[in-house]
Each structure stands twice: as structure tokens, then as C-alpha cells.
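Single-letter residue listing:
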Amino acid sequence: MATLILFGVFALLLVIGVPVAFSLICASLATVTYLGLPPIVVVQQVVAGAGTASLIAIPLFIFAGEIMLRGGISERLIGLAAALVGHLRGGLGQVSVLSSLFFGGVSGSALADVSAIGGAMIPQMVQRGFDRDFAVNVSVTAALVALLVPPSHNLILYSASAGGGISIADLFAAGIIPALLLTVALMFTGWWIARRRGYAVEPFPGMVVVAQRFVAALPGLLLVALIFVGIRAGIFTAVESAAIAVCYALLVTALVYRKLRWRDFVQTCAQAARMTGMILFVIAAAASFGWLLAYLQIPTAAVNALTSLTHDKNLLLLLMVLILLVLGTFMDLAPMIIICTPIFLPLAKAIGVDPVHFGIILILKGGIGLITPPLGSVLFVGTAIGKISIGETMRTIWPFYLAAFAVLIAVTFIPALSLWLPALLK
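A brief report on the enclosed structure follows. (Residues numbered from 1 in each chain as written. Predicted model: local features only at pLDDT ≥ 70, side-chain atom pairs only at ≥ 80, totals over all residues. Heavy atoms only, no water.)

Glancing now at the layout of surface pockets. Size it by volume and the largest pocket reaches roughly 820 Å³. For the largest pocket, the lining is made up of 36 residues, of which L111, M278, I279, D332 and S377 are closest to its centre. Secondary structure elements with two or more residues in the lining of the largest pocket: α2 (20–35), α4 (57–70), α7 (110–127), α9 (153–161), α14 (262–295), α17 (333–350) and α19 (377–386). The dominant element in the lining of the largest pocket, judged by the number of residues it contributes, is α14, at seven residues. Counted by class, the lining of the largest pocket contains 25 nonpolar, eight polar and three charged residues. (1 Å grid on protein atoms, 1.4 Å probe; cavity = no way out; pocket = protein on both sides within 12 Å on 5 of 7 lines; lining within 4 Å. Points joined across faces, edges and corners; volume = space filled by probe spheres on them. Helix = DSSP H or I, 4+ residues; strand = E, 2+ residues; numbered from the N terminus. Nonpolar A, V, L, I, M, F, W, Y, C, P; charged D, E, K, R; others polar.)

Have a look at this one:
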């Protein structure tokens, strides 16, 4: 009964439109009241959930991404991507995907990616004769790449939700090949649709222009190398790398690019604080929910229930993926990571799935939920920028869905795609 109350109240509040954080807290309060536990337990778990030391890296990475966003890095990354792939069929669509890969390494956020890259590329694509639905579809799906490349704060959150025993350096390395695979799949899909619709092809600007734009974008790209190499080599921790990223972003945008003015800096601080507050509030609220999951022994029950259906590893993996896909349509990524990690990670370990591999599966699957109604936040932002209804977008987005789902299946059933690079770098 307590389990039914916990999930029932949470689902009911989500359906009637209560924000996720409040839904989590109310469900936790209702459950502890039924169990006869003191309500102060919920408060204690909320405070403990926001007080994890490793979570300090999340607001710092968000701040660094906001600085680079307003300091001119997105313009230079788009310029570099345009020089590299703008001459391919559906050129601006290809530019949008490759720019998302570059910018994801700076922001680590799908929402920041679609806001920055989509905000710049979608209007340009419409002006150049691309259909609005194509411009929005390619931009929102390309934003998923940002979830997998360093410094993805969702990978940091997964590590914290798993009890901190999973190396963030390994997670950062594990996401690189799946991110590249997703980039290629989305670029191919964009090329195929552009070919069918007869979009124009632009001329290749030449290697000189490519070299010039690479040099212009290099200071921003070096941020990714600074974060990844520093953590991988053990020079500094994830939190220390986040602090260094903020200092580096300030130096590049204020002294090298000279684009960050005082007004921009104030707006950057306000936006970073707003986004940090939203994310940490959800994380804190989900901590009480997660504590009740453990108290009620729901992870153990889930393992027993699923393994009673079948002992085949591949079937259990597929079943988990399908369940998580359904859950991802009703939950944002951060609460889903916090709630689902303690439930499904023990099962993944029980059937021999590496925790690092499972983390990449969880993040990629959760990313697909961000572009799926009814709670697809990235989809909502993209359609707002493109000035198109969600219904119009959903009618033609299915090829990009298929591409993302194919990558998810490949990553799920070919562990080497996630685990080869971390093992090599060790």
C-alpha cells in the first residue's frame, strides 16, 4: 500500500500539472504519513539530497556554459561547423547537428544547446528556404548529443545517484563514442530528408576558411580538452574542473573574444542561478523519494519481479529500455535519473551490465524523453523558437526518432561502444 501511495500520488500530481519537485515532495509526505514516520524525515532527506559535495560541479558547469553562450563561443562554433559540413545536402541542418556536438562539449546541457544553437540556426534555416518542421526537428534531436559529451552534468548526477562509486572520468569517456554515433546518425537522417525534399546545396568554402574558423573556435574547444584531460589524468576532480572551467570561460570570453560585457555578465549570473535553483530543487526533492524507495525495498522487489519473467540478459535489457522510455515521457531527465538509478542499477548489476554502460543507456534514453510529449522540455523550446505547433512537428519528426532509437539499441546491446574508450584511456 505504501508503494502504491508513493507512486500513485506522484503520478496523479504530475497528471494535473503540479511541478515535478512539488509532486515528489508531496508523494513523499503522503507516504511517510501513512507509514507513521515523522514528517521531518522528508525535510532531512531534502537537505541531504542537495548537500552532496559532488553536486557542486553542476552549478559551476552551468555557469561556465552560460558564460560561453553569451561570450561569443556559439557563433564561432556554428561558423566552424558551417565551414566543415555546410556544403553537404541540407547544409544548415548538418551545421546544426555538428554545432550541437561542439557546443555540447561546452555547455553539457540539451536545453542550453537547443536555446543557443537552435535559436541561431532555426531562423536562418527558415530564411534560406528550409521547412519549419525540418529546422525544428533537426535542432531538437541534435541537442541530445550534449547529454553524452563532457561536461554533461547529467552524468555527474547519475554518479551521485549511484552512491558516488562510479568514476565521472569513466562516464565522460564512455559518452564520447555514442555521442559521435548519434551525430553521424542524425546527419545522415538530415541528408536523406533534405535529398527527398530537394533542398539546395551550398559550395564548399575552401580549406583556408576552415582553418581560419577552426583557429577562431579553438579557445572554446580547448575547454572540452581541459575538462576531460584534467579529470581523466587525475589532475583535478570534477568539482575542481568545473571551477577551472568557469575561470577559463571568463578569461576566453572577456579577454580573447572580448564579447562579454558587464550587462551580459549580470544576465549570465541571473540565468545560471535560475537554472541551478530549478535543477537542485528537483534533485533535493527527488532525494526524499529515493530514500523511500530504499526504505520500502522497491529496488529489490523490482529485481525479483523482472528476473522472475526471464533470466535472459538481452530480454531484461530490452525490457528495462522500454520501461525507461515510457517513464521518460512523463518525467524530466534529472528526477528520472535520481528515481530510476536506485531501482534499475541493481538489476543491471545483477545481470552483468557494467554501471558505466548502464549510465550511458539511461542518459541516452532519458534524452529521447526530452523530445517526446507530454513533458519534452527540449521539444517545447525548439517549437517555440521555430514558431510551429508540437502537432506539426510530431508528424514529421519520426525519421529522427528512429535514428536516435537505433543508436540507443546499438549502445544497449554493444557494450564496447561505451566501455572501449574508458578501458583504453586507463
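An ideal rise of 1.5 Å per residue puts 22 Å on 16 residues; α2 measures up with 23 Å between its terminal C-alpha atoms. Turning to α2, its buried residues are V20, A21, S23, L24, I25, A27, S28, T31 and V32. Looking at the packing, one finds that the buried side of α2 touches α1 (2–15), α3 (40–50), α14 and α17. Looking one or two residues past α2, G36 carries a phi angle of roughly 80 degrees, positive in sign. (Expected span 1.5 Å × (residues − 1). Buried < 20%, exposed > 50% of the residue type's maximum accessible area, 1.4 Å probe, protein only. Contact = heavy atoms within 4.5 Å.)

A few words now on helix α22 (residues 416–425). Among the residues of α22, S418, L421 and P422 are the ones counted as buried. Down the axis of α22, the buried set is contained in an arc of 95 degrees. They therefore lie on one face. Along α22, exposed side chains directed more than 90 degrees from the buried face belong to A423 and L424. Contacts made by the buried residues of α22 are with α10 (168–174), α11 (176–197), α12 (207–232), α18 (355–370) and α21 (398–413). (Arc of directions from axis to C-beta.)

The next point concerns the pattern of salt bridges. Inspection of every chain in the model, using the stated rule, returns two salt bridges. In this structure, the salt-bridge partner of R197 is D131, at a minimum N-O distance of 3.0 Å. One end of the pair, R197, is in helix α11; the other, D131, is in the loop between α7 and α8 (132–142), and 66 residues separate them in sequence. Taking relative accessible area as the criterion, D131 reaches 36% and is therefore assigned partly exposed. Taking the shortest distance from any N to any O, the salt bridge between R197 and D133 comes out at 3.0 Å. On the criterion of sequence distance, the pair formed by R197 in helix α11 and D133 in helix α8 is long-range, its members being 64 residues apart. (Salt bridge = Lys/Arg side-chain N within 4 Å of Asp/Glu carboxyl O.)

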